[in-house]
Amino acid sequence: LGKIAFGTTYVVRPYLDYPQLLTQASGILPTTKRASWDLRREVFRTFGILGALDPDRFGSRRKGGGKGGGYFVELEDEKGPSTGGARFPATNSSLKRMSEFNMMRDQFSTISTSSAHLDSRVIPSGTQIKQAQEHGGSHPKSIYKDSDNDEPAHLYMYEQYAMTAQPLSQLSPARRLSPSDEVFYPTVAVQALMRILKDSSLSNLHGMVMKAVMFIFNALGLKSVPFLKNIVPHILATVKNCGQHGLREALLQQVANLSAIVREHLRPYLPAIFDVVEEFWFTRHLSALCSLVERVATAVPDDFRAYVPLLVRQVLASIEAIDMTEWSNNNSASSGADIERMELILKHIQGIKGVLGEYVHLVVPALMKLTDLLINPDQDDKYTRIQILPPSGSGRSKLAVETIETLSILLQTIELNPILLVDTSVKSNSALPAGVVQPFLRMLGGNVRPNKEVGNAIIGCLCICVRQLGTGRWVSFYHKSTRAVITEWQTEVGIERLQEEQGPGEMIETDRHLPIDIYDEVVNEITLNSGARWDMWNSSAGSEDVSGSDFSLGRSGASEVSLNRMVDSLKSDAPSIQPVLQQVNVQRTNISNLQKAWDVSQRSTREDWDEWMRRFSVQLLREAPSPALRACAELAQAYQPLARELFSAAFVCCWGELTEQYRSNLVYSLEVVFSADASLEILQLLLNLAEFMEHDFDSKGSVPGLSIDISVLADLALRCRAYARALHYKEREYIMGRGGSCVEQLIDINKKLDLPEAALGVLKAAKIEIERRGGQSLVSSHNQRADSRPDKSPMAYSVISTYGDDEVGDKGSWEGHVHYEAWLSKLGAWAEALSMYEEKLRQNPNDVDSILGCMQCYDARGSWQNTLDLAVSSWGALSGDHARSRKKSSADNYKQALKFCAQSAWRLGKWDELETYSSQLVQGYRGSHNYTQLQSSDIISPSKESRATNLPKLDYDGAFYCAVLHIHRAEWDEAAKSIDAARKAMDSRFTALLAESYKRAYPSMVAAQELSELEEIISFRQSEMRTNSGIKLHAANRHEEKQARQREHLLDVWRQRLDGCRVDAEVHSSILAVRSLVLGPTDEVDATITLSALSRQAEAYQLAERTLLDPLGRMGCSLNSPVFGVGIPSNLGLGLTLGLSANHPGEAMERIVNGDNVQMNYRPHHEQFSKQLFNEAGGEERLFIQHKLYFAYIKHLWATDRKEEAMTRLGLLCKVVDLTTQCVGHKKAQNELLRVSCWLRYGDWKIALCRSTLTDSLATDVLLSYKRATDADVPNNYRAWHSWALINFRLAEQIRGNDKSSSSVTKSSTIVRSHVIAAVKGFVRAISVGTKRWSASVQQDMLNLLSCLFKYGELQDVASTINDGLGSIKLEAWLGVLPQLLARIHIKSPAVRSVLHPLLVRLGAKHPQALMYPLSVLLKSPVVDRKLAAESLMNSLKAQSNALVEEALMVSSELIRVAILWLELWHEGLED
């Protein structure tokens, strides 16, 4: 997946196109924790290749199951198959989406191609068109959500006017489960088990899942009915989708067992069950299906009858499918399988005989045909002598006996008429017994006769027919022929009467009779209307086996297993776990076993703690009083994620069984784990447990909660990056009176939660509290400290200006906890915090807190050289054994300082110093000048770490910086080892955080992306080195174009990843720093400018400035170079007003407005100077990059209140950019865009600096700058035309408002007319080229254009100019200002009406539905002129869409009619 994504540049986007991808991929690491490192490495690499998607753009699903510190009921949209109704087919959402898309596509096509037949269509919104285009298959140009910014603005005008309401979600929020709920433990367990069952990759565990589920259902009995909707659909879906025959067999058997438990409650799932039966009937699962059907028939006999036709069809198809021509060899595999399958079907028919009912007449003929074929497979063979078939003891013989016995059982199900007691009466109205007698007599008397076993079964079936038909009918039609056939058959097969010697000379007849004797006795007993002998025969025949006697009739008619007997036999057929259930219900919690599991003695390494958690979580499930949790213990032993999910529930379940002494011991063990070197995954589980118990247990209740100090939980939450919980705990700690120690962390937590206002509020609250307690103020006079901070930026974020001494006095909980500088650094006020840290260092150079604080401020401000200088001067204090700070140990402080130093050395390109610091980070060596190179043996694998406790713990930063260093030195093998070591170092934390929340794991996700990009850099540089080497390569691999393509491909992938990342200065800075290993100052200039803007937004002004100046410095540029317009010779004659009279600004302004050419007429000496600039910069492309960075630097100056300098530099840059753009041989679009941006920015800043009305000279400069911007050869130059139109409209308004003298009315009207016409042309052009990005501004242009029409429409040529420009504006654009158009339809000015009314007529012809409602309202206006104008427009609409108009007017009048009550009409009439 990673290779495909990289090779096709399809990165980041997969997360958005397939929202389930990130969720599924996130579950790989926790479930493969014990897998080989090779597998986990590929997971990390794939995450990095796909990119770190912004967590705010990753749609988080609502909670369901065990999430965080609680359990929630899973919602409908999180479940797999549908549980409603009888079936669970695939949802129709895809079909619905497709139909919606087709509708939107049709609407879009009709808008763009034809205006006919639109009167009945709905106006499509821009969003719909965007969705239709995206469904069309074209990938958007950008990964951002607003990738449709380049769509025409007129598509979104109607949306802005209509303000369509967004539909609310129809799904209710997830309900939180509490241990006080009666079904809490079964619900939690079932939901967890179903998630495993839905995961096809865990198919090896599905059997254990079903065993646990059946355990739970047996324990709950009918209380398990509410869980059927969670269980049955997923089981049946797994049966359909799984590829393991053994698993499918077990699942079907479990569904059968389940039906015996829930009985009639299985009714809603019968259609789904029989779908499975029909699908798998002709597979090897016939036995399980038959068992399932029989038990379902027992559970819901009434509803079962609706599915009998389906079963009969399947049975008949199975019988017809038998091919006996292949049964020549009785031992063949095919015949054996067919015989076994038919035996199952016959037993199944016997089992469901009670519900076959009216379908028996379809089954009996098929069984008769099967019996005939079994006796004589070759019906065409004419035997000359009598044959006895099939051979006795063969499979065919046994199957024939089973078939006849099934016929006997089916015949007994025919209802008799008990009222008719006359012997000669016919006791059954069915023709089936008569239809059976004739074929059986033919079989017994034909040339191919059945053997003894089959014949006995046939005679037994004939005896049943005697009873069914009655004495009169039988004796009249069948008795003589039947007796003769039986006598002949028993003689033919050699059956003789046996006698036994009872005594000397005495022979007696045995109890076993010949078949003819039994037949005679049956007929005689029925004739005598006595059933004694019949009952005796029936019972004796059912108790003796065929193999026991040659004269026994076997089981003919006696194997009547009724549905009631089958219900009684279910107990013996229940699953093997049922006897265990009774033991579980009476078993109590073994506290001693639990205590052994939570014992924390002899636990030291991280592997020890992992084993401790594994044993403890499983033991909690084993000892849980709840049978539902205990059923999951065996599965949790094999699948650890289940134990982790059920950990809190199992803990609470056992917690109530513990005594106070055991609870105290358990809490002590947990506190030991909190402070131990346990993995983050374990700490996260325990934090979730604490939150769960805090939420659901009251300390004053019968079952107390965990008595753990709140500060311990707060620190634990911070370690787990659970900042919301940490904020909760810290706020509680603050309320409890520990305010001083919480302020710094509260500020830090709020900043990390993107709550800067709350962080500032914490600081102000701390200031108020300190002042209340008599301490010194955090805020003093601003001017007292302004001069003492020479490096302070005018725009630097400032909260304080002075500070007092460290001694605050006795302030209770605040004593010793007031650290202003730390609070300010957490708040992001780096300048103020740095000045305070430096002041402390001057007082105490060995203050470790101040040293680290200064390093942190330097790093945030980009003063990396200061960091290294401070490290050199303070290394003794940092490396000393007593270098403890107020929060960290000396080793932690030393490690933190090393990270700052390594980061600074890397950013400054000081590779030797980076080598020193990174090696110390890896090896943990505490020296400032010794270095040992990283070897492969230094990279400790997780398996070795437990055995090598004397070696330092693997450090991510050290391995990462070593990888950077090795890449710089082209040591590829060592770099790969370091990258692998870095991945191992982040494995535990990343896995734990990703399992909990993607947002918490996002920093680690960014780190994974950086490591993957390091590998991509290695691959690219190796390819680059092979290309540049003298090795003879194939011609296809030797071209430099291939290397250029690889570079462009790599840059394309990197750009897409950066687009998808969080818009954050820290994230962008770290990613671009990695890419700087292969990119130069001229590469990715846009990303550099974006990073500067983000740093400025984060108020890191010095870092923002350095980000722009460093690339310029690396290119050898000076800010005061002629390249940027500084020091240009005056004889070049460059200037804004070249060719215009400076003494008459009004004349110059008039020339500009009237459209005179304002472009510079560059001569050969200008071209010569531009070539000189190109040579000085190193080429045309390089000069453009320098100008782009310099322009961003000028904008930075303006943003930091250095506006005068910014204005001066921008004016010079405009001249140079204009010169180089015009004098270049071929104009490039990017150069033109930069030129337009410079002129627009110059005009905007000129206006911004003007605090009053625009003077003529200032207006001339602004008009000139905007005019040059509009003259640029840029396709969609919206901003230039918008600014040009707006400034002309403003000047027209200004002249009209200021000039009141009558002598200048004519002149001023001429000037106003010129400005208005220029504004109209500008607005029309801006509206026609506007895109969605500027849709709000385009709507403003529409309103301004209408203002020009309504205010100045009577001036000469204004209305005609507007009329001429309407053709270039899409009609849909006017939908956004439709209310303003209709509000002026009664205007009397002929010039205005000549524009307004034709426009409304055209709009109504294409979009009549948009005008229907407002015009129907205007028709009832009390203003006569407005009403007449509305009627005129409505009549024009009738000519186009008469039906629509009539229906709309009817609906309007009916709504008014039904809105007025009769009582109101009566009152109105009486008043009149």
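Residues numbered from 1 in each chain as written. Predicted model: local features only at pLDDT ≥ 70, side-chain atom pairs only at ≥ 80, totals over all residues. Heavy atoms only, no water.

(A) View of the overall build of the chain. Counting its secondary structure elements, the chain contains 71 helices and 7 strands. Residue burial in the chain is summarised as follows: out of 1472 residues, 51% are buried. If you take every contact in the chain between residues at least 6 apart in sequence, the share linking residues at least 24 apart comes to 72%. For the chain, the accessible surface area stands at approximately 68,300 Å², while carbon and sulfur atoms represent 50% of it. (Helix = DSSP H or I, 4+ residues; strand = E, 2+ residues; numbered from the N terminus. Buried < 20%, exposed > 50% of the residue type's maximum accessible area, 1.4 Å probe, protein only. Contact = heavy atoms within 4.5 Å. Areas by Shrake-Rupley, 256 points an atom, 1.4 Å probe, with all protein chains shown as cover.)

(B) Structural context of a negative patch on the surface. A cluster of acidic residues, Glu1464, Glu1468, Glu1471 and Asp1472, forms a negative patch on the protein surface. On the secondary structure map, glutamate 1468 appears in helix H71 (residues 1462-1471). (Patch = residues over 30% accessible without salt bridge, like charges linked within 9 Å, V, L, I, M, F, W, Y side chains within 5 Å. Salt bridge = Lys/Arg side-chain N within 4 Å of Asp/Glu carboxyl O. Lys, Arg positive; Asp, Glu negative; His and termini not counted. Charge placed at Lys NZ, Arg CZ, Asp CG, Glu CD.)

(C) Highlighting the pattern of salt bridges. Applying the stated criterion to the full structure yields 53 salt bridges. In this structure, aspartate 1110 and arginine 1106 form a salt bridge, with 3.2 Å as the shortest nitrogen-oxygen distance. In this pair, aspartate 1110 and arginine 1106 both sit in helix H55 (residues 1101-1114), 4 residues apart, roughly one turn of the helix. For arginine 1106, a relative accessible area of 26% puts it in the partly exposed group.

(D) Up close: the packing of aromatic side chains. Under the counting rule described, the total for this entry stands at 32 aromatic pairs. Here the aromatic rings of phenylalanine 1124 and tyrosine 1190 are separated by 4.0 Å at their centres, their planes lie at 5°, and the arrangement is stacked. Highlighted residues: phenylalanine 1124 in the loop between H55 and helix H56 (1145-1153) and tyrosine 1190 in helix H58 (residues 1180-1199), separated in sequence by 66 residues. Taking relative accessible area as the criterion, tyrosine 1190 reaches 0% and is therefore assigned buried. These aromatic residues form a ring-pair network of at least three members: Trp609, Trp612, Phe616, Phe647, Phe651 and Trp655. The ring of tryptophan 1198 has lysine 1203 lying over it, and the distance from NZ or CZ to the ring centre is 5.1 Å. Above the ring of phenylalanine 1350, the side-chain terminus of arginine 1384 is found at 4.5 Å from the ring centroid. (Phe/Tyr/Trp six-rings, centres within 6.5 Å; stacked < 30°, edge-to-face > 60°. Lys NZ or Arg CZ within 6 Å of the ring centre and 35° of its normal.)

(E) View of the side chain of threonine 187. Considering the arrangement of structural elements, one finds threonine 187 in helix H9 (residues 184-198). Apart from residues no more than four positions distant in its own chain, threonine 187 is found in contact with Leu177 and Phe227.

(F) Quick peek at unusual backbone geometry. We note that arginine 721 has phi near 60°; this positive angle belongs to a residue other than glycine. If you trace the backbone, arginine 721 turns up in the loop between helix H37 (710-719) and helix H38 (723-735). Phi is positive for alanine 970, close to 60°, though the residue is something other than glycine. Mapped onto the elements of the fold, alanine 970 is located in the loop between helix H48 (956-968) and helix H49 (972-996).

(G) Spatial organisation of the state of the cysteines. All told, the structure shown has 0 disulfides when counted by the stated rule. The structure places no disulfide on cysteine 654, whose sulfur is separated from the nearest cysteine sulfur, that of cysteine 653, by 5.5 Å. (Disulfide = S-S within 2.5 Å.)

(H) Quick peek at helix H24 (residues 479-493). The terminal C-alpha atoms of H24 lie 21 Å apart, and with 15 residues this matches the ideal 21 Å at 1.5 Å per residue to within 8%. Of all the positions in H24, only His479, Thr482, Val485, Ile486, Trp489, Gln490 and Val493 are classed as buried. Buried residues in H24, looked at end-on, bunch into an arc of 135°, giving them a common side. The exposed residues of H24 that point more than 90 degrees off its buried face are Lys480 and Thr491. For H24, the elements touching its buried residues are strand S4 (387-388), helix H21 (432-445), strand S5 (448-449), helix H22 (452-469), helix H23 (471-477) and helix H25 (515-527). Positioned one or two residues after H24, glycine 494 has a phi angle of 85°, which is positive. (Expected span 1.5 Å × (residues − 1). Arc of directions from axis to C-beta.)

(I) Focus on a nonpolar patch on the surface. Judged by side-chain polarity, Ile1456, Ile1460, Trp1462, Leu1465, Trp1466 and Leu1470 come together as a nonpolar surface patch covering roughly 740 Å² of accessible area. Element by element, the count of residues in the nonpolar patch is highest for H71, at 4 residues. For isoleucine 1460, the position within the fold is in the loop between helix H70 (1442-1459) and H71. Exposure remark for isoleucine 1460: the relative accessible area of 34% places this residue in the partly exposed category.

(J) The arrangement of the packing of H22 against H24 in detail. Between H22 and H24, whose axes approach to 11 Å, the crossing angle comes to 165°. Considering the angle they form, H22 stands roughly antiparallel to H24. By crossing handedness, the relation of H22 to H24 is classed as left-handed. In this structure, H22 contributes Lys452, Gly455, Asn456, Ile459 and Leu462 to the contact, and H24 contributes Thr482, Ile486, Trp489 and Val493. Among the residues making up the contact of H22 with H24, the classes are represented as 5 nonpolar, 3 polar and 1 charged. (Axes fitted to C-alpha atoms, helices over the stretch in contact; angles between N-to-C directions. Parallel < 35°, antiparallel > 145°, perpendicular 65-115°, else oblique. Left-handed = near helix turned anticlockwise from the far one by under 90°. Nonpolar A, V, L, I, M, F, W, Y, C, P; charged D, E, K, R; others polar.)

(K) Main features of the environment of glycine 1125. Checked against the element boundaries, glycine 1125 lands in the loop between H55 and H56. A relative accessible area of 3% means that glycine 1125 is categorised as buried. For glycine 1125 and cysteine 1214, which are 89 residues apart along the polypeptide, the C-alpha to C-alpha distance reads 8.2 Å. What glycine 1125 contacts, discounting residues up to four positions off in sequence, is Leu1212 and Val1216.

(L) Structural context of H22. End to end, H22 covers 25 Å across 18 residues, agreeing with the expected 26 Å (1.5 Å per residue, within 8%). Among the 18 residues that make up H22, 15 are buried, leaving the element largely enclosed by the rest of the structure. One side-chain oxygen at the N-terminal end of H22 lies 3.3 Å from the backbone nitrogen of glutamate 453; it belongs to asparagine 451. Glycine 470 sits one or two residues past H22 and shows a positive phi near 90°. (Polar contact = N/O pair within 3.5 Å; in protein donor to acceptor, adjacent residues only side chain to side chain.)

(M) Inspection of the confidence of the model for the chain at higher detail. Per-residue confidence for the chain gives a mean pLDDT of 77; residues scoring 70 or more make up 76%. Confidence drops under a pLDDT of 50 for residues 507-511, and excluding neighbours within four residues, the segment shows 10 contacts in the predicted structure. Here residues 776-812 is modelled with pLDDT under 50, and outside its nearest four sequence neighbours on either side it reaches 68 contacts, counting other chains as well. (pLDDT = per-residue confidence, 0-100.)

(N) The arrangement of the packing of H58 against helix H60 (residues 1229-1249) in detail. Relative orientation of the contacting elements H58 and H60 amounts to 20°, with a least axis distance of 11 Å. The pairing of H58 with H60 is recorded here as roughly parallel in orientation. The interaxial crossing formed by H58 with H60 has left-handed handedness. Contact with H58, carried on its side by Glu1180, Glu1181, Phe1184, His1187, Lys1188, Phe1191, Ile1194, Lys1195 and Trp1198, involves Gln1230, Asn1231, Leu1234, Ser1237, Cys1238, Arg1241, Trp1245, Ala1248 and Leu1249 of H60 and no other residues of that element. When its residues are assigned to classes, the contact of H58 with H60 shows 9 nonpolar, 4 polar and 5 charged.

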